[in-house]
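Commentary on secondary and tertiary structure
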Amino acid sequence: MYTIMNRYSVSRPIYSKRAFEEDNERQTPESRSFREKISIFLTCSSSRAKQVLKGLFPILDWLLQYPVKLWLPSDVISGVSTGLACCLQGLAYALLVYVGPVYGLYAAFFPVLPYFFLGTSRHLSVGPFPVTCLMVGSEVLALAPDEEFMLPGNGTSVNETGLVSVAMEVDVNARDSQRVTIASTMTVLIGLFQLGMGILHVGFLVRYLSDPLVGGFTTAAAFHVLISQLSLVLSVPTKSHSGFLSFAYILNDVFQNIWQTNVADLVAGLLTILIVMAVKEVNAKFEHKIPVPIPIEVIVTVIATGISYAVDLRSHYGASIVHSIPRGFVPVQRPKIELFGRIIRSSFSTAVVGYAIAVSVAKLYETKHDYKIDGNQELIAFGISNIFCGCFSGFVATTALSRTAIQESTGGKTQMAGLISALIVLIVIVALGPLLQPLQKSVLAGIVIANLKGMFMQISDVPILWKQSRTDCFIWVFTCISCIILGLDVGLLTGVVFELGTVVVRSQFPSCSTLGNVPGTEIYRSIKNYKNIVEITGIKIFKCNSPIYFANMDYVKEQLRDAVGFDAIRVFKKRNKALKKIHKLVKKGKLKFTENGLVPVAHMGVDNDAFDRERDPEQTESGPSEEMEGGPRRDIEVEVQVDWTSALPVDVTVPKVDIHSLVMDFSAVSFLDVKSAASLRLVVKEFMRIGVRVYIAGCDDETVRRMEALCFFDDMVTKDMLFLTVHDAVLSIKLEVSNGNVSDPMVDKISQMQIDKEPLPFSDDEDQIETYESQHMAIRGL
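Residues numbered from 1 in each chain as written. Predicted model: local features only at pLDDT ≥ 70, side-chain atom pairs only at ≥ 80, totals over all residues. Heavy atoms only, no water.

In the nomenclature of an unreviewed UniProt entry, the chain is known as Pendrin-like isoform X1 of Astyanax mexicanus.

Set out below in structure tokens:
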């Protein structure tokens, strides 16, 4: 057994909440009016102007102190390496958005420029990410499917009935133009959402996306990406599908047309997947020995482009190639505002997901390199970046862990590396783009699939979550399945609702316990968890480990009733019923008051039917009866004790109450609402009506202020019941018991009183009891 050698002893007064506040001079928090807050906010000074300027342009924090000779070489190497990866991933991820590859280059270039000035993270590589690209692509497919751009072709065909029909062809130019418009418009709307959330300082919304939820969502997104790229690897035609069970429809199209598989594209795609994944494993295994990761995507792309150009795979084997990557930029175009109403839901979910991914990656490097990121400023930075990118026909940008890892591992110190990576992308856009036109699309699809490995490996988190927290495991699995079946946007919303539901359920059924004392200490713990914990005679200590609000108040009351072993309402009602019957027996002369209490008259050999009209003066405390002015005689009150633990002279079973004090530990209760405050006040009064004194311990100042605002205290429930700790309350109770200030709950007193044969006041209280009961039930049923 482990023995504690170090001990400490503390001597201080027994503190109620009121006594502690008086002794330590509690300060009232300073509250400012709305006008004062506005005045302070609008106050202008040189220091405040400098602070605001640095807040809007975080680049000023490091650019003015940038050590060129020390950091610039590292940033250049990192920028070049990251830029090459950005080019290839931009080309590949454009396939997920169903736009031309050149627009992927735009998405890898334009967002970097605003983020360079506005972003707070020094290591993020801003650009496209497969999850957000797929979310945009799903909306693009839904609004611009191939079926809406069919035109009569030159050929004809004969169907089974012998009728000649004109072959239909897709108007590719019109379709691609409309898809670019939808993607860029959605990107602008995403940016507007992010900018608005940043200005309103609602970056906290991302906290509702827990790690298990994000893990399940990104794994489902990786599954959708894989399914969407199968048709490109196999080079088979598929129809446009999105939303509910879209993956099943795509797989159905793939298997129906599997016989059309292009062998050249299949071989190129499979080789790309295998080679890229193998070399990435080498990079990860020898990351501390290799100064710069092997740019395998670039190497594979260059080799595949050379082979395709040399062999002319398109002409000889029918391979599907990129075909067109024009030099330069397209003109700036305004978003198509009339589309906002149709894409608002998916745009908001994409905005939240993109921000969540970016912030989660940024926080990894914030901790590693010891600098601070501002969540709201990140929202503003990404919002402006996406608006800027969308106006130049790009699509949504966030970050990718793989690119950011390249930027950081190759020596990147600041966003100067990001700016240099943008220059590399710019060179490809204005000069080198056409050289990649012979590249097979299956190679780009293979690069996309190879980069999904990290997201698929998150499945290994499920057994770990099952052991650590089954609730989090259910969130992961439910979100993943929902996103696979319902689609990413609806599935994400469903996952968030399920996650919030688990929080509500856990708070609706909080952990409650009965506490006991470690003898000789001020330590109180659950009596179920320790053998050496003892309960204090006559005192019940109840603890609720959760905020108390309208949803869990009834459950807390049930747990309290189970802890004390009786229902205060039932005790009160049963006692009044017993007193009513006792009074009737007294009126009929079948019970008589003695020094020992109530004694049945029949046992004394007396049958006095006139007892209700005659009184023995010796049984009164104040002498004979007195004549009331202008009316009948009123008898003098006589108090007789009723011991509720002994056998009663009436046939009423009254529940036993074996405590005189109840202490409720509120140290874990962070807030109350209107319903819980009203119900709790009624509970306190219920116990007080049956002689059980109630004390509340451990409330912090904010909870007390909340109770005051909710009018919890009144003439009966006062602040004198509040104590600093459970031990303070227990010591105060023991002191009161030793001084005789606490009445014995086993004994109740009744008064023998007659007013011209009127019943005793308490015996005619049945209506009040029923009213009290109905009020109690009404409040509990709200």
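Here the narrative resumes.
1. Side note on the sheet that holds strand β14 (residues 693-697)
The sheet built from 6 strands is open, its strands ordered β6-β5-β7-β13-β14-β15 with mixed pairing. Edge positions in the open sheet fall to β6 (524-526) and β15 (722-723), since each of these has one partner strand only. Where strand β7 (residues 539-544) lies against strand β13 (residues 661-665), 5 bridges are found, and the strand directions are parallel. Across the sheet, the residue bridging to Lys-543 is Asp-665, located in β13. (Pairing = 2+ DSSP bridges. Helix = DSSP H or I, 4+ residues; strand = E, 2+ residues; numbered from the N terminus.)

2. Topic: the pattern of salt bridges
Tallied over the entire structure, the rule returns 13 salt bridges. A salt bridge links Asp-728 to Arg-12; the shortest N-O distance between them is 2.9 Å. Remark: Arg-12 occurs in the segment before α1 (17-23) and Asp-728 occurs in helix α28 (residues 726-738); sequence separation between them is 716 residues. The exposure class of Asp-728 is buried, given its relative accessible area of 2%. For Asp-701, the salt bridge goes to Lys-17, with nearest N and O atoms at 2.9 Å. Placement of the pair is Asp-701 in helix α27 (residues 701-709) and Lys-17 in helix α1, with a sequence separation of 684 residues. With relative accessibility at 35%, the residue Asp-701 sits in the partly exposed group. Using a relative accessible area of 4% as the deciding quantity, one classes Lys-17 as buried. (Salt bridge = Lys/Arg side-chain N within 4 Å of Asp/Glu carboxyl O. Buried < 20%, exposed > 50% of the residue type's maximum accessible area, 1.4 Å probe, protein only.)

3. What to know about unusual backbone geometry
Unlike most non-glycine residues, His-201 shows phi in positive territory, near 55 degrees. Residue placement: His-201 occurs in the loop between α9 (172-199) and α10 (211-234). Of note, Leu-245 is a non-glycine position whose phi angle comes to about 55 degrees, a positive value. Relative to the helices and strands, Leu-245 resides in the loop between α10 and α11 (246-256). Here Leu-245 falls in the partly exposed class, since its relative accessible area comes to 26%.

4. Side note on the layout of surface pockets
Estimated volume of the second largest pocket: approximately 1,300 Å³. Arg-175, Asp-176, Arg-179, Leu-232 and Lys-441 are the residues nearest the centre of the second largest pocket, which is lined by 43 residues in total. Among the elements of the structure, α5 (68-97), α6 (101-109), α9 and α10 are those that each provide at least two residues to the lining of the second largest pocket. The greatest single-element share of the lining of the second largest pocket, amounting to 7 residues, is contributed by α9. Residues of the lining of the second largest pocket, tallied by class, amount to 21 nonpolar, 14 polar and 8 charged. (1 Å grid on protein atoms, 1.4 Å probe; cavity = no way out; pocket = protein on both sides within 12 Å on 5 of 7 lines; lining within 4 Å. Points joined across faces, edges and corners; volume = space filled by probe spheres on them. Nonpolar A, V, L, I, M, F, W, Y, C, P; charged D, E, K, R; others polar.)

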